[in-house]
Amino acid sequence: MPARSLFVTRLYEADLGDGSLLEELAHSIRTLAEDDEAGQRWSSEHRYSGYTSYASLGDLPKRDPAFADLARLLNRHAVAFAEECAFALARKPKLDSLWVNLLKGTGHHSAHIHPHSIISGTLYVEVPPGSGAIRFEDPRLPLMMAAPTRRPDAPEELRPFVTIEPRPGLLLLWESWLRHEVLPGTGRGERLSISFNFA
């Protein structure tokens with residue numbers, strides 16, 4: 001009898017496929033990066049290589065029609081992902097927070113989770129050559145003790161880390177407890193993305 005998989009970790013991938021919305025979002029992100037002094041201060045104080053509205057602007061879908069359009073799209077994808085995960089929810093997942101990221105060149109973001117949420121995700125808006133990839137960590141990794149390392153050709157579901165190369169329009173959703181990080185980039189361009197949580 002062949003081995004079977006247990007305790008599957010789901011990663012939802014979709015292509016937004018709306019170039020005009022991506023252009024609007026890119027314009028809005030760059031405008032926010034220039035105008036949001038509180039976000040600039042927070043980014044500087046926390047040594048974020050670029051700009052993020054994470055701690056400064058909590059109402060982007062109310063401020064900007066492009067983010068309102070995006071929120072409606074994200075709601076549909078979150079419902080589909082919750083169904084895929086077989087969540088027994090009393091109501092549909094609700095968009096709890098949404099923020100923009102303008103990450104410069106070799107910038108990165110250390111490994112973290114998103115507490116107080118059930119679904120988290122990222123939409124890639126602009127991805128110049130050399131942009132840092134997102135890397136997900138097997139949540140069992142701290143418990144593996146003396147487990148041998150995996151061969152480089154091991155199937156993705158057996159690896160302790162899985163790296164996804166970003167591209168414009170790529171939408172990723174995962175359960176919020178899944179640890180992830182942005183690896184350092186090698187290029188000089190600005191990688192634009194939008195991150196969000198559903199509760």
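Remember, predicted model here, so these are calculated numbers, not experimental data. (Residues numbered from 1 in each chain as written. Predicted model: local features only at pLDDT ≥ 70, side-chain atom pairs only at ≥ 80, totals over all residues. Heavy atoms only, no water.)

S.K.: When you look at the overall build of the protein in this model, what are you seeing that I'm missing?
M.R.: In terms of regular secondary structure, the protein is built from 4 helices and 10 strands. Starting at the N terminus, the α and β elements of the protein follow one another as β-α-α-β-α-α-β-β-β-β-β-β-β-β. In terms of C-alpha radius of gyration, the protein reaches 17 Å, essentially the compact-globule figure of 16 Å for 199 residues. With the principal axes as the frame, the protein shows a C-alpha extent of 60 × 40 × 30 Å. In the protein, once contacts between residues fewer than 6 apart in sequence are set aside, the share between residues at least 24 apart is 85%. When the accessible area of the protein is evaluated, it comes to approximately 11,800 Å², of which 52% is carbon and sulfur surface. (Helix = DSSP H or I, 4+ residues; strand = E, 2+ residues; numbered from the N terminus. Rg over C-alpha atoms; globule rule 2.2 N^0.38 Å. Contact = heavy atoms within 4.5 Å. Areas by Shrake-Rupley, 256 points an atom, 1.4 Å probe, with all protein chains shown as cover.)

S.K.: What am I meant to see in helix 1 (residues 19-35) here?
M.R.: Helical geometry note: an α-helix holds 3.6 residues per turn, so side chains three or four residues apart project in the same direction. A rise of 1.5 Å per residue sets the reference length of helix 1, with its 17 residues, at 24 Å; its end C-alpha atoms lie 24 Å apart and thus fit the reference within 8%. For helix 1, the full list of buried residues reads Leu21, Leu22, Leu25, Ala26, Ser28, Ile29, Leu32 and Ala33. Considered in projection along helix 1, the buried side chains sweep an arc of 170° and stay on one side of the axis. Residues of helix 1 that are exposed and angled more than 90 degrees away from the buried face: Glu23, His27, Glu34 and Asp35. (Expected span 1.5 Å × (residues − 1). Buried < 20%, exposed > 50% of the residue type's maximum accessible area, 1.4 Å probe, protein only. Arc of directions from axis to C-beta.)

S.K.: When you look at the pattern of salt bridges in this model, what are you seeing that I'm missing?
M.R.: Should their charged atoms come close, side chains of opposite charge can pair. Applying the stated criterion across every chain yields a total of 9 salt bridges. Between Glu137 and Arg179 there is a salt bridge, with the nearest N and O atoms lying 3.3 Å from each other. Of the two residues, Glu137 is situated in strand 6 (residues 134-137) and Arg179 in the loop between strand 8 (170-175) and strand 9 (180-182); the sequence distance between them amounts to 42 residues. Taking the relative accessible area as the measure of exposure, Arg179 reaches 35% and is therefore partly exposed. (Salt bridge = Lys/Arg side-chain N within 4 Å of Asp/Glu carboxyl O.)

S.K.: Explain the sheet that holds strand 6 here, please?
M.R.: Across a sheet, paired strands are connected by hydrogen bonds in the backbone, their directions being either parallel or antiparallel. Spatial strand order, 4-9-6-7: 4 strands in an open sheet with antiparallel pairing. The open sheet has two free edges, formed respectively by strand 4 (109-112) and strand 7 (161-164), since each of these has just one partner strand. Geometrically, the sheet is characterised by an average inter-axis angle of 15° between neighbouring strands, direction not taken into account. Taken together, the 2 bridges between strand 4 and strand 9 define a ladder with antiparallel strand orientation. Paired with His109 across the two strands is Val182, which belongs to strand 9. (Pairing = 2+ DSSP bridges. Axes fitted to C-alpha atoms, helices over the stretch in contact; angles between N-to-C directions.)

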